[in-house]
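# Per-entry structural report
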Amino acid sequence: MAKTKELSKDTRNKIVDLHQVGKTESAIGKQLGLKKSTVGAIIRKWKTYKTTDNLPRSGAPRKISPRGVKMITRTVSKNPRTTRGDLVNDLQRAGTKVTKPTISNTLRRQGLKSCSARRVPLLKPVHVQARLKFAREHLDDPDEDWENVIWSDELFGKNSTRRVWRTKNAELHPKNTIPTVKHGGGNIMLWGCFSAKGPGRLIRVKERMNGAMYREILSENLLPSARALKMKRGWVFQHDNDPKHTARATKEWLRKKHFKVLEWPSQSPDLNPIENLWRELKVRVAQRQPQNITALEENCMEEWAKIPATVCENLVKTYRKRLTSVIANKGYITKY
């Protein structure tokens, strides 16, 4: 049935005024072009409530009782990864039959929203202490020191996502994250580097990387990147503590090449500004919607080369803020 148009306040007031001067409902309806039943309803409302304004409407009753709301809210608070299907089954066992959208709407009214779980490094106490030590030791380093660092990392193909129920700004609470460790895999693997002066080389790694392959990558790409970026004498190389990076043979190779290596705390991608550059690259490539691995590789190379030097400069210029955040967060993962 089509929804009828609501009468204006002026029209409702005219109905009451005409009624008060003695006109019948039929006469009022004819004069104002309204149905007799509509006129009668307005007059009855006025007689009962002494107003023609809209009254508060109760609406349809909630499908989930207050007790049921408390139950599902308590469930997702204890385990944010609980699915809507699990909650539907819990309520059905309690005698309430609802749909998944009803679950979503109910939890949203409680301030809980379904969001993708953040993947964060698995931090053990030893990692937390190492991160704090690094941040405190380097907090007062001059900006020039960070500008003389070549930052590097590997980017793996995207992993599957998990969803959690959480409140706003609670994305980094341990219950709302997925702890991860460094690993290979995915659809594509890249190695890249950059400095405050701009992006360095980016290459695709087509085979499973081992220590020997990693050293070959450095041999063919690190020094050429340093030259292209016009790094100052005594520049410093940064890489994380992946076993391929910390292998005895790799350390010896770096020593023989006289490369200075930044001592790095494990499980600290938030301290490496290249992670932000990877995010920039992903956004740019996603906009191009590559349809296969070949196109994906080409798009990655093209978009990496287009990243402005100013983006790289700003990432390094604000490095002290990362260190401050680690200290403020007592060594735990930060928003970076």
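Residues numbered from 1 in each chain as written. Predicted model: local features only at pLDDT ≥ 70, side-chain atom pairs only at ≥ 80, totals over all residues. Heavy atoms only, no water.

In the annotation of an unreviewed UniProt entry, the chain is listed under the name Transposase Tc1-like domain-containing protein and assigned to Hucho hucho.

### Considering the overall build of the chain
The condition that has to hold: In DSSP terms, a helix is any run of H or I states spanning at least four residues, a strand is any run of E spanning at least two, and both are numbered starting from the N terminus. Note on exposure labels: buried denotes an accessible area under 20% of the residue type's maximum, exposed denotes more than 50%, and partly exposed covers the range between, all computed with a 1.4 Å probe on protein chains only. Residue contacts are defined here by distance: any two heavy atoms, one from each residue, within 4.5 Å place the two residues in contact. Every accessible area reported is derived by Shrake-Rupley at a probe size of 1.4 Å, with residue values counting cover from the shown protein chains alone.
Counting its regular elements, the chain contains 15 helices and nine strands. Here the chain holds 336 residues, and the buried ones make up 40% of them. Relative to all contacts within the chain whose residues are 6 or more apart in sequence, the contacts with residues 24 or more apart total 73%. Within the structure as shown, the chain displays about 20700 Å² of accessible surface, and the carbon and sulfur contribution to it stands at 50%.

### Some details on the packing of aromatic side chains
Test applied: Geometry of aromatic contacts follows a simple scheme: Phe, Tyr and Trp rings, the Trp one being its six-membered ring, pair when their centres are within 6.5 Å, and the pair is stacked under 30 degrees between planes, edge-to-face over 60, tilted otherwise. By definition here, charges over rings are those cases where NZ of Lys or CZ of Arg is within 6 Å of the ring centre and within 35 degrees of the ring normal.
This structure, assessed with the given rule, holds eight aromatic pairs. For the pair F134 and W264, a centre-to-centre distance of 5.4 Å together with 70° between the ring planes defines the contact as edge-to-face. Taken together, the residues span a long stretch of sequence, with F134 in helix α7 (residues 125–138) and W264 in the loop between β9 (260–261) and α12 (274–288) at a distance of 130 residues. W264 shares its class with F134; the two are buried. Plain terms: the ring middles of W146 and W151 are 6.0 Å apart, the flat faces sit at 25° to each other, and that makes the pair stacked. In this structure an aromatic cluster arises from ring pairing among F134, W146, W151, W264 and Y319. Above the ring of W46, the side-chain terminus of K50 is found at 5.1 Å from the ring centroid.

### Comments concerning the nonpolar core
Operational definition: Nonpolar cores were defined as sets of buried Ala, Val, Leu, Ile, Met, Phe, Trp, Tyr and Cys residues, with membership established by side-chain atoms within 4.5 Å.
The biggest cluster of nonpolar side chains holds 30 residues, and the ones touching the most others in it are W146 and W151. If you list the elements that add at least two residues to this core, you get α7, β3 (149–155), β6 (190–195), α12, α13 (293–306), α14 (309–317) and α15 (319–328). With five residues, α12 is the largest single contributor of residues to this core. Sequence-distant contacts of W146, that is, excluding residues within four places in its chain, are made with F134, H138, D141, W151, L262, V316, Y319 and L323. Membership of the second largest hydrophobic core comes to 20 residues, among which are Y214, L218, L222 and W253.

### Some words on the sheet that holds β9
Going by this rule: The pairing criterion for strands is at least two bridges between them, as found by DSSP. In this analysis, axes come from line fits to C-alpha atoms, helices being fitted only over the stretch in contact, and the angle between any two N-to-C directions falls in the range 0 to 180 degrees.
In spatial order, the strands read β7-β6-β3-β8-β9; together these five strands make up an open sheet with mixed pairing. Each edge of the open sheet carries a strand with a single partner, namely β7 (198–204) and β9. As paired strands, strand β8 (residues 236–238) and β9 are joined by two bridges and run parallel to one another. From the neighbouring strand, F237 faces β9, where its bridge partner is V261. Relative to the sheet, α13 contacts β6 and β7, its axis offset from that of β7 by approximately 165°.

### Details of the pairing of β7
Strand direction decides the pairing type here: β6 and β7, joined by five bridges, are antiparallel. Each residue of the ladder has a partner; that of G192, found in β7, is L202. Where β6 folds back onto β7 in an antiparallel hairpin, the turn is made up of two residues.

### Thoughts on the pattern of salt bridges
Quick reminder of the rule: Every case where a carboxyl oxygen of Asp or Glu lies within 4 Å of a side-chain nitrogen of Lys or Arg is listed as a salt bridge.
Considering all chains together, one arrives at 14 salt bridges under this definition. Put simply, E297 and R204 hold a salt bridge, and the shortest N to O gap is 3.1 Å. Pair noted here: E297 is in helix α13 and R204 is in strand β7, with a separation of 93 residues, a long-range link. Judged by relative accessible area, R204 falls into the partly exposed class, the value being 24%. Two residues, R284 and E303, come together in a salt bridge whose shortest N-O distance is 3.5 Å. Here R284 is found in helix α12, whereas its partner E303 is found in helix α13, with 19 residues between them in sequence.

### Considering unusual backbone geometry
The phi dihedral of K50 is positive, around 60°, even though this residue is not glycine. Following the sequence through the fold, K50 ends up in the loop between α3 (36–49) and α4 (66–78).

### Considering α14
The line we're drawing: The arc in question is formed by the directions pointing from the helix axis toward the C-beta atoms.
Three or more residues of α14 are buried, namely C312, L315 and V316. Buried residues of α14 fall within an arc of 95° about the axis and therefore sit on the same side. Along its buried surface, α14 packs onto α8 (143–147), β3, β6, β7, α12 and α15.

### Some remarks on the pairing of β3
With respect to burial, β3 is a largely interior element, seven of its seven residues being buried. Both faces of β3 are covered, namely the face carrying V149, W151, D153 and L155 and the face carrying I150, S152 and E154. Looking at chain direction, β3 and β8 are connected through three bridges and run parallel. Along β8, the bridge assignment pairs W151 with Q238. As paired strands, β3 and β6 are joined by five bridges and run antiparallel to one another. Across the sheet, S152 pairs through a bridge with C193, a residue of β6.

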